[in-house]
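Listed below are the residues making up each chain.
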Amino acid sequence: MHAIFGHIVPPINFPPCKNLPPPLKSVRFRSYATTHGNAPVSNPENRSPKLEVDDEEVAFWDYQFLFMSQRLEVPNPIKLKLVDGALPKDFPSGTYYLIGPGLFIDDYGSSINPLDGHGYLRAFKINGPNNEVKFSAKYVKTEAQMEECDPKNGSWKFTHRGPFSVLKGGKMIANTKVMKNVANTSILKWGGRLFCLWEGGSPYEIDPITLDTIGNFNLIDFSEGENEEFISSFNRYCVWDIVAHLLKPILHGVFKMPPKRMLSHYKIDAQRERLLVMTCNSEDMVLPISHCTFYEFDSSFKLLHKREFIINAHSMIHDWAFTDTHYIIFTNRVKVDILGSIGAISGTRPMISTLSVDHSKPTSPIYILPRFLKSNSISISNSNDYLRQCVEIPQSWLIHVANAYEEIDIDGNLFIRIHATSCSYKWFNFQNMFGYNCQSDILKPSTMNCIEDKDKLSPHLIEYVVSRRMCNLLILDAKRIGEASALVARFEVP
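Residues numbered from 1 in each chain as written. Predicted model: local features only at pLDDT ≥ 70, side-chain atom pairs only at ≥ 80, totals over all residues. Heavy atoms only, no water.

1. Some details on the pairing of strand E26 (residues 487–493)
Regular strands show a simple pattern: their side chains alternate between the two faces of the sheet. With five of seven residues buried, E26 lies mostly within the body of the structure. In this sheet, E26 lies alongside strand E3 (residues 81–85) in antiparallel orientation, the contact comprising four bridges. Its bridge partner being in E26, Asp84 is matched across the sheet by Arg490. Here strand E25 (residues 471–476) pairs with E26 via six bridges, running antiparallel. Each residue of the ladder has a partner; that of Leu473, found in E26, is Phe491. (Buried < 20%, exposed > 50% of the residue type's maximum accessible area, 1.4 Å probe, protein only. Helix = DSSP H or I, 4+ residues; strand = E, 2+ residues; numbered from the N terminus. Pairing = 2+ DSSP bridges.)

2. Here's the deal with the environment of Gly109
Looking at the secondary structure, you find Gly109 in the loop between strand E4 (94–101) and strand E5 (119–127). Sequence spacing of Gly109 and Leu167 is 58 residues, and the spatial spacing of their C-alpha atoms is 8.2 Å.

3. Let's talk about the pattern of salt bridges
When their charged atoms lie close together, side chains carrying opposite charge are able to pair. What the rule picks out here adds up to 18 salt bridges. Close ionic contact of Lys306 with Glu308 constitutes a salt bridge, the shortest N to O distance being 3.5 Å. Several salt bridges share partner residues, and in doing so they unite Asp269, Arg272, Arg274, Glu296 and Arg371 into one network. (Salt bridge = Lys/Arg side-chain N within 4 Å of Asp/Glu carboxyl O.)

4. Side note on helix H5 (residues 338–346)
Within the span of H5, buried status applies to Gly340, Ser341, Gly343 and Ala344. Down the axis of H5, the sector holding all buried residues measures 165°, keeping them to one side. Opposite its buried face, H5 presents the exposed residues Ile338, Leu339, Ile342 and Ile345, each directed more than 90 degrees away. In this structure, the buried side of H5 is in contact with strand E19 (332–336). The residue sitting at the N-terminus of H5 and contributing the capping side-chain oxygen is Asp337; that oxygen lies 3.2 Å from the backbone nitrogen of Leu339. Just downstream of H5 lies Gly347, where phi reads positive at about 90°. (Arc of directions from axis to C-beta. Contact = heavy atoms within 4.5 Å. Polar contact = N/O pair within 3.5 Å; in protein donor to acceptor, adjacent residues only side chain to side chain.)

5. Concerning the sheet that holds strand E6 (residues 132–139)
With respect to topology, four strands assemble into an open sheet ordered E2-E6-E5-E4, the strand pairing being antiparallel. The two strands at the open ends of the sheet, each matched to only one other strand, are strand E2 (74–79) and E4. With strand direction ignored, the average angle separating the axes of adjacent strands in the sheet is 15°. Summarising the sheet, E4 and E5 pair through eight bridges and their orientation is antiparallel. Its bridge partner lying in E5, Ile99 is registered against Leu121. (Axes fitted to C-alpha atoms, helices over the stretch in contact; angles between N-to-C directions.)

6. Quick notes on the sheet that holds strand E20 (residues 355–357)
A sheet is described by the order of its strands in space; here three strands give the open sequence E16-E19-E20, paired in antiparallel fashion. Each edge of the open sheet carries a strand with a single partner, namely strand E16 (315–316) and E20. Bridging between E19 and E20 involves three bridges; their strand directions are antiparallel. Residue pairing in the sheet places Lys335 in a bridge with Ser356 of E20.

7. A few points about unusual backbone geometry
Despite not being glycine, Glu273 shows a phi value in the positive range, around 55°. Its place among the elements puts Glu273 in the loop between strand E12 (267–269) and strand E13 (274–281). Glu273 sits in the exposed class, given a relative accessible area of 60%. In the Ramachandran plot, Phe434 falls in the positive-phi region, its phi being about 65° despite a non-glycine side chain.

8. Notes on the environment of Asp284
If you trace the backbone, Asp284 turns up in the loop between E13 and strand E14 (290–297). Residue Asp284 is classed as buried on the basis of its relative accessible area of 4%. What Asp284 contacts, discounting residues up to four positions off in sequence, is Ile289, Ser290, His291 and His314.

9. Re the nonpolar core
Within the largest apolar cluster, 21 residues are counted, with the highest numbers of intra-cluster contacts made by Leu80, Leu87, Phe124, Val133, Phe135 and Phe491. When residues of this core are traced back to their parent elements, those giving at least two are E5, E6, E25 and E26. The biggest single contributor to this core is E6, with four residues. For Leu87, the contacting residues outside a window of four places in its chain are Ile126, Asn127, Gly128, Asn131, Glu132, Val133, Ile475, Ala489 and Phe491. Of all hydrophobic cores here, the second largest spans 16 residues; its members include Cys280, Phe309, Tyr327 and Tyr367. (Core = buried A, V, L, I, M, F, W, Y, C linked by side-chain atoms within 4.5 Å.)

10. A few points about the confidence of the model for the protein chain
On average, residues of the protein chain score 80 in pLDDT, and 76% of them reach the 70 mark or higher. Note that pLDDT drops below 50 for residues 5–35; the model gives that stretch 62 contacts with residues more than four away or on any other chain. Between residues 450–467, whose pLDDT stays under 50, and residues either more than four places distant or in other chains, the model counts 47 contacts. (pLDDT = per-residue confidence, 0-100.)

11. A short note on the side chain of Arg333
Position of Arg333 relative to the elements: it lies in strand E19. The exposure class of Arg333 is buried, given its relative accessible area of 11%. Non-local contacts of Arg333, meaning those with residues more than four positions away in its chain, are made with His314, Val357, Asp358, Lys361, Thr363, Ser364, Pro365, Glu392, Trp397 and Tyr425.

Here it is, written out as structure tokens:
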């Protein structure tokens, strides 16, 4: 069996960044809050003029507009203005759902990392024959959202730290509200139901028509101790088993972390008509061991298959893959940061500062794990033979997986092809993801780049979308991506 990867793209050497201009007067956040009301519709004469400035400056301010707080919900669908092109008459009708962080600054002086922003759900109802798109949007009413947003006057006050942020206007020291389920990462439609997912908690179910939040959906039984028998069978892990046993009351009781964190990236096995999800134990974040559990459900959410694996490595797992016969885990090496932990506990640094990227080894391991056993359908692995199915690739922080599939050559050899995106360990900094700086309200994309060369800074972002302070829904021809003629239709989104 072989795992095949594409070429590694070398980092781009950005030109030296010139001094950025002072903030424009029009670039500011509203001091008041509104969660309901009519969304403003843009007219061409009201748009901000395109800035004729240096590319680095445009990229910087585009990035600020990209993460502006959205204070308005759009409960009643509005028709979007068609700006360019037209929808083909045979374009399929349906609804495109989009979830992402919607609020980054509250009304009491705190700014947060986009990863901790409350989930803002948008729905684009597309009618191909009528050449129209209707838009609506609402916040996912999670437990944290309802606590932090005043339903009477619409003001916001962050009370949960979240894993990636530091509060200024809220409680900093001894604030144990770390696990802030904001349901802002991915959308799942399965079994005729709609869900918003987050990296570390249960999904929230949403009404697909009104976008109202139905409530928390317990897809997986997060009962403690479900795999203790499994763990005890691995004698070499007994020390970490004891440490994990000591950590659980702190993580679960004090910081309210679930025993298992469900990853926000799910998979669909279309051939078998199954939903696949993965969990890791919460204590794995600070221990040199990973407990990975895979679940497979039918369309009625009945559990059909379950596999558990233990990997002897301190790693952060964000995305994964599967094939007809295997699960594939991409392990990004991390380690405990002592100084960062002190700052995290004191509330002066984000809680994620307890970890840092581990540069000590030149490779990153990928584990090829058997998906099925012949004996039974709901099973727990009782062997560590799968650890031998580890593939070492050049050190790379894997971010997302596009696809993985199997091929068998004429000699009967099995090949697994994997398409994924990754970046250098040198370009990954837990404390500054998305350019977040807890001391500033400005996001600095340059902080995400290679720290050894401070002259190679600003990445170039899409200019026209946010330099006009307007989002756009683009319909592209998949066969012409990268060409000027790829644009089929463009709608303005308020």
